[in-house]
Each structure stands twice: as C-alpha cells, then as structure tokens.
Amino acid sequence: MTTNPPTSAATSSTSTAAVHPVDEVPPVRQLAAFGLQHVLAMYAGAVAVPLIVGGAMKLSAADLAYLITADLLVCGIATLIQCVGFWRFGVRLPIMQGCTFAAVSPMVLIGTTGGGLPAIYGSVIVAGLAIVLLAPVFGRLLRFFPPLVTGTVILIIGLSLLPVAGNWAAGGVGSADFGAPKNLALAAFVLAVVLGVQRFAPEFLSRIAVLAGIAVGLSVAVPFGFTDFGGVGDADWLGVSTPFHFGAPTFEVSAVVSMLVVALVTMTETTGDLIAVGEMTDRKVERRSLADGLRADGLSTVLGGVFNTFPYTAYAQNVGLVGMTRVRSRWVVAAAGGMLVVLGLLPKLGAVVAAIPAPVLGGAGLVMFGTVAASGLRTLAEVDFKGNHNLTVVAVSVAMGVLPVGVPTVYARFPDWFQTVMNSGISAGCVTAIVLNLVFNHLPLKGRSAGEPRSAGGVD
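Residues numbered from 1 in each chain as written. Predicted model: local features only at pLDDT ≥ 70, side-chain atom pairs only at ≥ 80, totals over all residues. Heavy atoms only, no water.

Points about the environment of Leu148
Part 1 of the argument: In this fold, Leu148 is placed in helix H6 (residues 147-169).
Part 2 of the argument: Each C-alpha atom, one on Leu148 and one on Asp384, is 8.8 Å from the other, the two residues being 236 residues apart in sequence. (Helix = DSSP H or I, 4+ residues; strand = E, 2+ residues; numbered from the N terminus.)

In structure tokens:
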C-alpha cells in the first residue's frame, strides 16, 4: 500500500523539501504584502539622499522630483540585481539596495563648489567601477569577520539606526513641530499596533506586522491632519529617467578621490549587512558570494552615475525587517525591487507613498532597527568571553561606532577624507572591530600559547 505512491507527487515532495527558505517563492498575495512592507521600510531613507543633495545645491522643484524618481528606478534595478543575480553579480539573498548616506557630505561638497551634478556623476561612475574591481579582494578578507566581529558590527548597525527612527518618531528632522507630543503619540500607537499584530494575529498577519502598523497608523494620521495627499495631484503619471539628463559626466581628481574613499566605506558597510542577512537566513555568506554581492553594489553604483542618481549599498533597515518577520525569501525582496521600478516610472504612485508621515515610519522603525541590534547580541552569544580580550574588542568597537551618532560634530575639525570614514558609525565601528580582532586574536603575543587565540572565539 505504501510502495506505489504517484511518482510525480514523490518527486514534488522531495524537491520542495530541498528548497532553501531563501529560494522559496511565496504565493503572489504574500509576495505583494511582504514586498510592500520592505518598500515602506526603506522609502524615506531612499528619497532622503536626493532631497539632501538637491536641496543643498538649490535645485528646482522639477529637478528634485526628477532626482527622486531616478533614484527609485535605480533602487529597484539594484535590488533585483542583488536578489535575483546574474553571472557573478548579486549575493542572491533578501537584500534591499538604496543610496548610501556615506556619500552625502562628499557629494554636497562636490556639487556646491563648482563641479555640479556632472562632477558628482563622474566620480560616482569611477567609484562603481572601483568597487567591481575590488570585490574579489574584499571576498578574501572574509576570514577576518568571525562571530566576534560580525556580531559587533550587526549590533552597531542597529544602534546607529535607532536615532533615525527617533527622528522620524519626533516628526522628521527640520519639521516645524519636531518633538511635539502628538507626533510621539502617533509613533507609540504604531509601535503598539506592530507589537500587537506580531503577538496576537495569525501567522501570516504577524509576518506583515510592520505593514499593518503603517496602514493603521496612516488611517489615523489622515483625519488628524498629520498629512495630506495634495502633492499626489501635482505629480506626473509617467516619468522616465534618461542617461546623463544633467549633462555629460566630468572627472575631477579631487571629486574622484573623495568618492573612492566613500567606496571603501560602503564596501565595509555592505560586508557587514550581507553577513548579517546570511546569519538571519541560515545561508552564511562565503568568500565568493560576498564578492558577488559587492560586485552588484559596484554595477548599481555605475548605473546610478549614468541614470542621474548616486552610489548604492545594502540597506540596513531592511536587514532588521528580515530578522523581525523571519521571512527569508529573496523573491519577496525582488518583488519589492519591482515595486520600486514601478514607483520610479510612475511619480504619482511615488507621491502617495511619500505622503506617509514620519511618525508612522518612526514607530515601525523602532522595532525594525532594534531587531538588528538584538540580532548582533544573538551572534555575540556564540563568542567565548572567558580568559581573553574579546570583551574589550566589543566595548571599544561599539564606543567608536556610537560616538559619531551621539556627537555628530565630533570629527568636524578633521580632514574631509577622515570624516567620510569616521562619521559613519557603521564603518567606524566595523574598522575598529576588525583591527582590534587582529591585534588581540591574530598577532602572536608574548606569554600566549599558539592554540589560545583560536579557542578564544575571535578568529575562524
């Protein structure tokens, strides 16, 4: 009776069991809901970079709108390259791509000191090509990212993002009512909804707790006057970004050098994000896959320079969403990338998403970014802290990572290249963790036995 099951059914069962959760394709309904959740989680950060750079350069409203739609379009393409992948491009994990904040200060400096957008785009193209070429080198450095370093970096990523959620919850930096009790009350309400849905709702709903919180928060925000959709009517229905819209790129040495420094910073940050997602999805990042992920970053950055936008990197806020929802399918994030492409081609839809008030995003962000930090602590729980200096490595690295977040002007008197590296809490903490791990766990020290560093949990 059990010897003659249908052959096709047995084959199907075997193939289904063999599919890793990262490669599973959920039903269309879930793809749409989970993907939209990822879009909402990163949208504010994605549009912030073109708004900051364009605002500093005093661009017209039409040019600002063009930068935003171009950014959303390339965000989507970059995400698809990273998640779906082709040849040696793409880590093939659930990674959202967006403009890196590490490039904001250098780009503002380049754009406002005579070079303009063509000089920015020239330096971005060179930086992207450099990332593609350097990706295999970074891949060989993976052995210097043991749990001691990766756990510390993931923890710093979460801690450095929490002020972003705090600013959103207060109303958004620069808003006239920043810190008003009503803003914080709305953020707290959204946070409560997210937690309630995650704890008490059926499994599917609990996995879109962030989306549910944003939807409920928006339904409350509109009647209470937190936002309006007046800008939707002014937006165009169709907008296509064309190559070199602002003129042919120019290649100024100072601009290229500063952007190459940014490239090294973003490669370091992306390495931390890729390793974090690998840990969360039970598909650890190996040397080759790390190089493929960084190579996708480089290609996306080149596309950014061609299509009138900026350097791209993995978005840490979406790393938190993966950890919180436990939805590990890369096809969910690929669906989010497709939605971003549509938003980049249909500015009116982008205007609808842009109307979501900052406090609503802030309430959801507190959960997501806190989840990233908690994931770092979970990784550090695997590390041995007895009879070694690993606690010092974590303590100093976290301190260096949080320092520029808590005191943004701490390096204001240092050279621009130094600020580019150290003003990013993620890169500052990551570099510190790598160096201290080398010093305490790799270098032979007097009085230490040959086998001790490896058993201390600080190296592979």
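Now, onward.
What to know about the pattern of salt bridges
Part 1 of the argument: In the structure shown here, the tally under the stated rule is six salt bridges.
Part 2 of the argument: Residue Arg330 pairs with Asp23 through a salt bridge whose shortest N-O separation is 2.8 Å. Highlighted residues: Arg330 in helix H14 (residues 330-345) and Asp23 in the loop between helix H1 (7-18) and helix H2 (28-56), separated in sequence by 307 residues.
Part 3 of the argument: Judged by relative accessible area, Arg330 falls into the buried class, the value being 11%.
Part 4 of the argument: Across the salt bridge formed by Arg328 and Asp282, the nearest N and O atoms sit 2.9 Å from each other. Of this pair, Arg328 sits in the loop between helix H13 (316-325) and H14 while Asp282 is found in the loop between helix H11 (253-280) and helix H12 (287-306), placing the two residues 46 residues apart along the sequence.
Part 5 of the argument: Taken together, the salt bridges that share partners define one network made up of Asp23, Arg283 and Arg330. (Salt bridge = Lys/Arg side-chain N within 4 Å of Asp/Glu carboxyl O. Buried < 20%, exposed > 50% of the residue type's maximum accessible area, 1.4 Å probe, protein only.)

Examining the confidence of the model for the protein chain
Part 1 of the argument: Within the protein chain, residue pLDDT values average 81, and 88% of them lie at 70 or more.
Part 2 of the argument: Predicted confidence for residues 7-16 stays below pLDDT 50, and this span has zero contacts to residues more than four positions away or in other chains. (pLDDT = per-residue confidence, 0-100. Contact = heavy atoms within 4.5 Å.)

What to know about the state of the cysteines
Part 1 of the argument: Applying the stated criterion across every chain yields a total of zero disulfides.
Part 2 of the argument: Left without a disulfide partner, Cys75 is nearest to the cysteine sulfur of Cys99, which lies 5.3 Å away.
Part 3 of the argument: Given a relative accessible area of 0%, Cys75 falls into the buried group.
Part 4 of the argument: Given a relative accessible area of 0%, Cys99 falls into the buried group. (Disulfide = S-S within 2.5 Å.)

Overview of the packing of helix H5 (residues 116-140) against H12
Part 1 of the argument: Contact geometry for H5 and H12: axes closest at 7 Å, N-to-C directions at 175 degrees. Between H5 and H12, the crossing angle belongs to the class labelled roughly antiparallel.
Part 2 of the argument: Per-class residue counts for the contact of H5 with H12 are 15 nonpolar, six polar and four charged. (Axes fitted to C-alpha atoms, helices over the stretch in contact; angles between N-to-C directions. Parallel < 35°, antiparallel > 145°, perpendicular 65-115°, else oblique. Nonpolar A, V, L, I, M, F, W, Y, C, P; charged D, E, K, R; others polar.)

Some details on unusual backbone geometry
Part 1 of the argument: A positive phi angle, close to 50 degrees, is found at Trp87, a residue other than glycine.
Part 2 of the argument: Structurally, Trp87 is set in the loop between helix H3 (61-83) and strand S1 (97-99).
Part 3 of the argument: Positive phi outside glycine occurs at Asn308, with the angle close to 65 degrees.
Part 4 of the argument: Turning to its location among the elements, Asn308 is positioned in the loop between H12 and strand S2 (312-314).

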